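As a plain string of letters, each chain reads:
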Amino acid sequence: MDLDAVRTFVAIVDAGRFQHAAAELSITQQAVSKRVAALERAVGARLFARTPRGAELTVDGRAFLPHARELLRAEARAFASVRPGHRALRVDVIGRGLAPAALLRDFHRARPEVELDVVTLFDADADADAAVDAIRSGTVDASFRAVTMTGRRPPDDIEVSRAFDEPVQLLTGPAHPLAAARTVTPADLVGHRIWMPGLVPGTEWAAYYDALAAAFGLTIESTGPDFGVEPLLDTIAGSSSLATFVGEQTRLVWPAGHDLRRIAVRNPTPVYPHSLVRHRDNRHPALAALRDHLHDGGGPGHSDDTETWTPAWA
């Protein structure tokens, strides 16, 4: 439906005469008549009756009027939804219990006036290329990823900026040999079985933990089906030989009887390199505010330990 014709119809109703509507719309009276004729052909009904008092609505015109006004309101909402600063900033995170989601919660607390739309478009099996495709298509404004483009640069239209480094912790049950330790070093973990089901080859998670295992001679096992977080915690809680890695900012809840231990890793501290991925031409003002928040240290702080480790690709 031609919205200019609908706008003209409403203008005639409000002005009472064709010539007054023409003046209001800054078009000729002939153009007003043509638009009304086209609209009447489109709806298949006569909308106005001309009388000495001006243009009066027919029965069909009165029935059409509230819908015509709603069409114009919908048009206004549609334009407002994409006007800079009027649309929520849409940011992809891999999981709502992981560090990027915590960062966005902190950003929202610091800038409550900024409207956010936090989504999880991809699971941990998707690589950074999927996020880049979504950013290019406009599905999201930005995504938090660990970008593992070893030996190649990001596309020219995509900006990748290091957002924050998240320390990795060891998670054990109470019967594990390291359960009483306040901190451990990567060397302390050599020979211990670290179980991480669900590490799919080709994902950023697998790339990170493969590099960590190779750097320090660790045994990281991904065997067995991945039934989710709760079964993993159940297994770790009851095992005297298995441990797992978790991010410092990862939100975990377990029954009190599990008595799980989160143990800091030091000398060096392995940190997971989260990056903010965005399109260089994206001018959403809230995106600039988020970047400022990150640059001002608004992300989760990493360890006070001066010695950290990240993969070479980071």
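Structural data are supplied above this passage.
Residues numbered from 1 in each chain as written. Predicted model: local features only at pLDDT ≥ 70, side-chain atom pairs only at ≥ 80, totals over all residues. Heavy atoms only, no water.

Caption draft 1: Fine view of the packing of helix H1 (residues 3-15) against helix H3 (residues 29-43). Where H1 contacts H3, the axes come no closer than 9 Å and their chain directions differ by 110°. In this view, H1 runs roughly perpendicular relative to H3, as classed from their interaxial angle. In this structure, H1 meets H3 at a crossing whose hand is left-handed. Residues Asp4, Ala5, Val6, Thr8, Phe9 and Ile12 of H1 touch H3, and the partners they reach there are Val32, Arg35, Val36 and Leu39. Of the residues assigned to the contact of H1 with H3, the class counts are seven nonpolar, one polar and two charged. (Axes fitted to C-alpha atoms, helices over the stretch in contact; angles between N-to-C directions. Helix = DSSP H or I, 4+ residues; strand = E, 2+ residues; numbered from the N terminus. Parallel < 35°, antiparallel > 145°, perpendicular 65-115°, else oblique. Left-handed = near helix turned anticlockwise from the far one by under 90°. Contact = heavy atoms within 4.5 Å. Nonpolar A, V, L, I, M, F, W, Y, C, P; charged D, E, K, R; others polar.)

Caption draft 2: Main features of the environment of arginine 278. Turning to its location among the elements, arginine 278 is positioned in strand S12 (residues 269-279). In this structure, the C-alpha to C-alpha distance between arginine 278 and serine 33, residues 245 residues apart in sequence, is 49 Å. Those residues in contact with arginine 278 that sit more than four places away from it in its chain are Ile135, Asp141, Ala142, Asp157, Ile158, Glu159, Arg283, Leu287 and Arg291. A polar side-chain atom of arginine 278 sits 2.9 Å from the main-chain carbonyl oxygen of asparagine 282. (Polar contact = N/O pair within 3.5 Å; in protein donor to acceptor, adjacent residues only side chain to side chain.)

Caption draft 3: Highlighting the pairing of strand S2 (residues 54-57). Direction of pairing for strand S1 (residues 48-51) relative to S2: antiparallel, over a ladder of four bridges. Each residue of the ladder has a partner; that of arginine 50, found in S2, is alanine 55. What sits between S1 and S2 in their antiparallel hairpin is a turn of two residues. (Pairing = 2+ DSSP bridges.)

Caption draft 4: Inspection of the environment of arginine 105 at higher detail. Topologically, arginine 105 is positioned in helix H5 (residues 99-110). Judged by relative accessible area, arginine 105 falls into the partly exposed class, the value being 29%. In this structure, arginine 105 is in contact with Arg96 and Arg251, ignoring residues within four places of it in sequence. (Buried < 20%, exposed > 50% of the residue type's maximum accessible area, 1.4 Å probe, protein only.)

Caption draft 5: Local environment of the nonpolar core. Residues Leu170, Leu189, Tyr209 and Phe245 are the most contacted members of the largest nonpolar core, which totals 22 residues. Here the element with the most residues in this core is helix H7 (residues 204-216); it accounts for five residues. The contact partners of tyrosine 209, leaving out residues within four places of it in the chain, are Val168, Met196, Leu199, Ile220 and Phe245. (Core = buried A, V, L, I, M, F, W, Y, C linked by side-chain atoms within 4.5 Å.)

Caption draft 6: View of the pattern of salt bridges. Taken as a whole and judged by the stated rule, the model has 17 salt bridges. Measuring nitrogen to oxygen at the nearest pair gives 2.8 Å for the salt bridge that ties aspartate 4 to arginine 7. Linking aspartate 4 with arginine 7, this pair stays in helix H1, spanning three residues, or about one helical turn. With relative accessibility at 36%, the residue aspartate 4 sits in the partly exposed group. For glutamate 113, the salt bridge is made with arginine 111, and the minimal N-O distance between the two is 2.4 Å. Overlapping salt bridges, with partners in common, bring together Glu159, Arg278, Arg280 and Arg291 in one network. (Salt bridge = Lys/Arg side-chain N within 4 Å of Asp/Glu carboxyl O.)

Caption draft 7: Highlighting the packing of aromatic side chains. Counting across every chain of the model gives 10 aromatic pairs. Between phenylalanine 9 and phenylalanine 64 the ring centres are 5.2 Å apart and the planes differ by 65°, which places this aromatic pair in the edge-to-face class. Placement of the pair is phenylalanine 9 in helix H1 and phenylalanine 64 in helix H4 (residues 59-82), with a sequence separation of 55 residues. Here phenylalanine 9 matches phenylalanine 64 in class, with each residue buried. These aromatic residues form a ring-pair network of at least three members: Trp205, Tyr208, Tyr209, Phe216, Phe245, Tyr272 and Trp309. Cation over ring: arginine 50 sits above phenylalanine 18, and NZ or CZ is 3.9 Å from the ring centre. (Phe/Tyr/Trp six-rings, centres within 6.5 Å; stacked < 30°, edge-to-face > 60°. Lys NZ or Arg CZ within 6 Å of the ring centre and 35° of its normal.)

Caption draft 8: Structural context of the side chain of histidine 176. Residue placement: histidine 176 occurs in the loop between strand S6 (158-172) and strand S7 (183-184). From its side chain, histidine 176 meets the backbone nitrogen of leucine 178 in a polar contact 3.0 Å long. If near-sequence neighbours (up to four positions away) are discounted, histidine 176 is found in contact with His192, Ser239, Ser240, Ser241, Leu242 and Ala243.

Caption draft 9: Spotlight on the side chain of glutamate 221. With respect to the secondary-structure elements, glutamate 221 resides in strand S9 (residues 219-221). Judged by its relative accessible area of 19%, glutamate 221 is buried. Every residue in contact with glutamate 221, bar those within four places of it in the chain, is listed here: Arg193, Ile194, Trp195, Met196 and Pro197.

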